[in-house]
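One-letter residues, chain by chain:
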Amino acid sequence: MKESRPQFEYISAAKLPTRFGEFRIHGFVEHSGQEHVALSYGDWQPDDNVLMRVHSECLTGDALFSTRCDCGFQLEKALQNIVEHGKGVLLYLRQEGRGIGLLNKIKAYQLQDTGMDTVEANLHLGFDADLREYSICGFMLETLNVKNVVLMTNNPRKAAALSDLGINIVERKPIDHGMTDDNKHYLRTKTEKLGHLFDAHLLK
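The structure reproduced in this document is the subject of the present report. Bear in mind the structure is a predicted one, so any value in this text is a computation, not a measurement.

## So, the pairing of strand 4 (residues 49–56)
In terms of burial, strand 4 is a largely internal element, seven of the eight residues being buried. Judged from the four bridges that link them, strand 4 and strand 6 (residues 148–152) form a sheet pairing that is parallel. Looking at strand 6, one finds that M52 is bridged to L151. As paired elements, strand 4 and strand 5 (residues 88–93) share five bridges and run parallel to each other. Bridge assignment links M52 to a residue of strand 5, and that residue is V89.

So, in structure tokens, the structure goes:
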């Protein structure tokens, strides 16, 4: 009888020197073949509260320096915060464009260029406003021996989704960073339609 493949697998780890500090990069794969990574920094005991961010892939913001969103800014700020704190984890999930994929995100950008907001564009393309899911996060944290997290996010829905997976969030820390003239409308939409928490006076 053929054995079934595990839902999630831990593949390997290696040193990852960055301009923020030296992390370890850990590779994970889902049964579907989708690959994800975690960056860990420092050491902790199993019961320590570990600073953590779950960051969804954004090629345009993370790698191509787009200011249409705040993703790249938040990624850098999260890594800086982890190094300054002395220990922490960043889970980098491969779910581009809130789960719709890179090319559909570009289609959504084109619709936003004509006046739609990010939610309206996704809905127009036949997608929900946010298709992301976080089921692998529990496995990633268990593999890294993290039981209690201080979560860096402005998104209460993300915090609730992680809590529903049994992840113990002892504190939520905001990560307001990277607001520009190019992304203020995008951030207002995230606040008004998706429930994200930002400093309101910065979005005026």
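On we go.
## Let's talk about the state of the cysteines
Under the defined criterion, the tally for this structure stands at zero disulfides. With no disulfide partner, C69 has as its closest neighbouring cysteine sulfur the one in C71, 3.5 Å distant. By relative accessible area, which is 3% here, C69 ends up buried.

## Topic: helix 7 (residues 156–164)
Along helix 7, the positions that sit buried rather than exposed are K158, A159 and L162. Angularly, the buried residues of helix 7 cover 100° about the axis, an arc narrow enough to put them on a single face. Summarising the geometry of helix 7, the exposed residues directed more than 90 degrees from the buried face are R157 and D164. Against strand 4, helix 6 (135–143), strand 6 and strand 7 (168–173) lie the buried residues of helix 7. Trailing helix 7 by a residue or two, G166 shows a phi angle of about 95°, which is positive.

## Description of the sheet that holds strand 5
Taken together, the seven strands give an open sheet; going across it, the order is 1-2-3-5-4-6-7, and neighbouring strands pair in mixed fashion. Edge positions in the sheet fall to strand 1 (8–17) and strand 7, since each of these pairs with one other strand and no more. Between one strand axis and the next, the sheet turns by 25° as a mean value, whatever way the strands run.

Criteria and thresholds
Residues numbered from 1 in each chain as written. Predicted model: local features only at pLDDT ≥ 70, side-chain atom pairs only at ≥ 80, totals over all residues. Heavy atoms only, no water. Buried < 20%, exposed > 50% of the residue type's maximum accessible area, 1.4 Å probe, protein only. Helix = DSSP H or I, 4+ residues; strand = E, 2+ residues; numbered from the N terminus. Pairing = 2+ DSSP bridges. Disulfide = S-S within 2.5 Å. Arc of directions from axis to C-beta. Contact = heavy atoms within 4.5 Å. Axes fitted to C-alpha atoms, helices over the stretch in contact; angles between N-to-C directions.

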